[in-house]
Amino acid sequence: MKKFILFDHDGVLVDTEFWYYKAGECALQDIGFTLDKEQYLRDMTQPLGTWSQARAAGIDEQTISKQREVRDVYYQEYLRKEAIEIEGVVETLEELSTYVRMAIVTTAKRVDFQLIHEKRHITQFMEFVLVREDYKHAKPHPEPYLTGLARFGATKEETLVVEDSNRGLSSAVAAGIDCAIVHNEFTKTHDFSRASYRIKTLGELKDIIQM
């Protein structure tokens, strides 16, 4: 039986993966560059992101730095106006909280995370949250999830990671923690063959933790 759950955030607790991509796409369109979605999805599985295609096309770092700020503005606009709730998440977390201790381990920046949760009720069920500023090496490095284990004082065997991307799965696997992949339409083409579990919704976690 699992006693602890470490949740990824984007694409697992809130439906933001597409909007982060869209913000980067808009920022690059502003300078006349078209972001290839399929390549972006492939880059997601590596420690790469929005800007790898632009670099490969010869766009200089000064311009990328400027457009990164533009991307952040677009993204925060989307977070304010788009419907990013995932149905049933709050109710599921409330039920799970009677069985396990929970936390969030995310690559989201603190400012974005705080914006997302200004008026939502997800974090009330979490003992702590680790955002990008809280560790040195991002996923797929194991540090984020190993940091989460240390904060809980938990063992790998009694902990479950919940992810939606190959990069997050790689982080969990490298940390030696079982990982459940929840379906996300945006990341459905990723290779999840190393996942311990595949689920359609978070509601299926109750059965997993009680095994």
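Attention here is on the structure that accompanies the text. (Residues numbered from 1 in each chain as written. Predicted model: local features only at pLDDT ≥ 70, side-chain atom pairs only at ≥ 80, totals over all residues. Heavy atoms only, no water.)

### Remarks on helix 2 (residues 37–44)
The following threshold applies: Partly exposed residues are those whose accessible area sits between 20% and 50% of the maximum for their type, while under 20% is buried and over 50% is exposed, using a 1.4 Å probe and protein chains only. To qualify as a helix, a DSSP run of H or I must reach at least 4 residues; to qualify as a strand, a run of E must reach at least 2; elements of each kind are numbered from the N terminus. By arc we mean the arc of the directions from the helix axis to the C-beta atoms, nothing more. By definition in these notes, contact holds between two residues if any of their heavy atoms fall within 4.5 Å.
Every buried residue of helix 2 is listed here: Y40, L41, D43 and M44. The arc that holds the buried residues of helix 2, viewed along the axis, is 160 degrees, so those residues lie on one side. Buried positions along helix 2 lie against helix 1 (17–29), helix 3 (52–56) and helix 8 (166–175).

### What about the packing of aromatic side chains?
Stated formally: Each aromatic pair joins two rings of Phe, Tyr and Trp (for Trp, the six-membered one) with centres within 6.5 Å, and gets the label stacked for planes under 30 degrees apart, edge-to-face for over 60, and tilted for any other angle. Both a distance and an angle decide whether a charge sits over a ring: NZ of Lys or CZ of Arg must be within 6 Å of the ring centre and within 35 degrees of the ring normal.
The full count for this structure, using the stated rule, is 10 aromatic pairs. Summarising the aromatic geometry, the rings of Y20 and Y75 are spaced 5.0 Å apart at their centres and angled 85 degrees between planes, so their arrangement reads as edge-to-face. With Y20 in helix 1 and Y75 in helix 4 (residues 61–81), this pair connects stretches of sequence that are 55 residues apart. By the ring-pair criterion, three or more aromatic residues cluster together here, those being F18, W19, Y21, Y40, Y78 and F186. If you follow R151 out to its NZ or CZ, it ends over the ring of F128, 4.4 Å from the centre.

### What to know about the pairing of strand 4 (residues 159–163)
Two faces belong to every sheet, and in a regular strand the side chains alternate between them. The criterion, for reference: Each pair of strands is called paired provided DSSP finds at least two bridges between the two strands. Handedness of a crossover is defined as follows: with both strands directed away from the viewer, a clockwise route from the first strand across the helix to the second makes it right-handed.
In terms of burial, strand 4 is largely enclosed, as 5 of its 5 residues are buried. Residues T159, V161 and E163 point to one face of strand 4 and L160 and V162 to the other, with burial holding for every one of them. The pairing of strand 1 (residues 4–7) with strand 4 spans 4 bridges and is parallel. Each bridged residue has a counterpart across the sheet, and for F7 the counterpart in strand 4 is V162. Running through helix 8, the crossover from strand 4 to the neighbouring parallel element strand 5 (residues 178–182) is right-handed.

### Structural notes on the nonpolar core
Where we set the bar: By nonpolar core is meant a set of buried Ala, Val, Leu, Ile, Met, Phe, Trp, Tyr and Cys residues that side-chain atoms within 4.5 Å join together.
Core analysis: the biggest nonpolar cluster contains 34 residues, and F7, L13, L93, M102, V162, L202 and L205 have the highest contact counts within it. Apart from the residues within four sequence positions on either side, L205 is in contact with F7, L96, L160, V162, A180 and I199. If you look at the next biggest cluster of nonpolar residues, it comprises 20 residues, including F128, Y145, A172 and C179.

### Quick look at the packing of helix 7 (residues 143–152) against helix 8
Operational definition: The axes used here are C-alpha line fits, helices contributing only the stretch in contact, and every angle between their N-to-C directions lies in the interval 0 to 180 degrees. Here is the rule for angles: anything less than 35 degrees is roughly parallel, anything more than 145 is roughly antiparallel, 65 through 115 is roughly perpendicular, and the remaining ranges are oblique. Left-handed describes a crossing in which the near helix is turned anticlockwise from the far one by less than a right angle; the clockwise case is right-handed. Just so you know the grouping, Ala, Val, Leu, Ile, Met, Phe, Trp, Tyr, Cys and Pro go in nonpolar, Asp, Glu, Lys and Arg go in charged, and all remaining residues, Gly too, go in polar.
Between helix 7 and helix 8, whose axes approach to 8 Å, the crossing angle comes to 55 degrees. Here helix 7 is positioned oblique relative to helix 8, judged by the angle of their axes. As for how helix 7 packs across helix 8, the hand of that crossing is right-handed. Every residue of helix 8 that contacts helix 7 at P144, Y145 and L146 is listed here: G168, S171, A172 and A175. By residue class, the composition of the contact of helix 7 with helix 8 is 5 nonpolar, 2 polar and no charged.

### Here's the deal with helix 8
Among the 10 residues of helix 8, 7 are classified as buried, and the element is accordingly described as predominantly covered. Listed as buried for helix 8 are N166, G168, L169, S170, S171, A172 and A175. Those residues of helix 8 that are buried are in contact with helix 7, strand 4 and strand 5. Directly after helix 8, the chain includes G176, whose backbone phi takes a positive value near 80 degrees.

### Points about the sheet that holds strand 2 (residues 101–105)
Pairing is parallel across the open sheet formed by 6 strands, whose spatial order is 3-2-1-4-5-6. Both outer strands of the open sheet, strand 3 (129–130) and strand 6 (197–199), are each paired with one neighbouring strand and no more. Sitting on the sheet, helix 7 touches strand 1, strand 2, strand 3 and strand 4, and the angle it makes with strand 1 is about 145 degrees.

### Focus on the pattern of salt bridges
Our working rule: When a carboxyl oxygen of Asp or Glu is within 4 Å of a side-chain nitrogen of Lys or Arg, the pair counts as a salt bridge.
Evaluated as defined, the whole model comprises 13 salt bridges. In this structure, E158 engages K3 in a salt bridge whose closest nitrogen and oxygen atoms are separated by 4.0 Å. Placement of E158 in the loop between helix 7 and strand 4 and of K3 in the segment before strand 1 is noted, with a sequence separation of 155 residues between them. Using a relative accessible area of 48% as the deciding quantity, one classes K3 as partly exposed. For R110, the salt bridge is made with D134, and the minimal N-O distance between the two is 2.9 Å. Residue R110 is found in helix 6 (residues 110–116), and its partner D134 is found in the loop between strand 3 and helix 7; the two are separated by 24 residues along the sequence. Among the charged side chains, a salt-bridge network with shared partners connects D8, K139 and E163.

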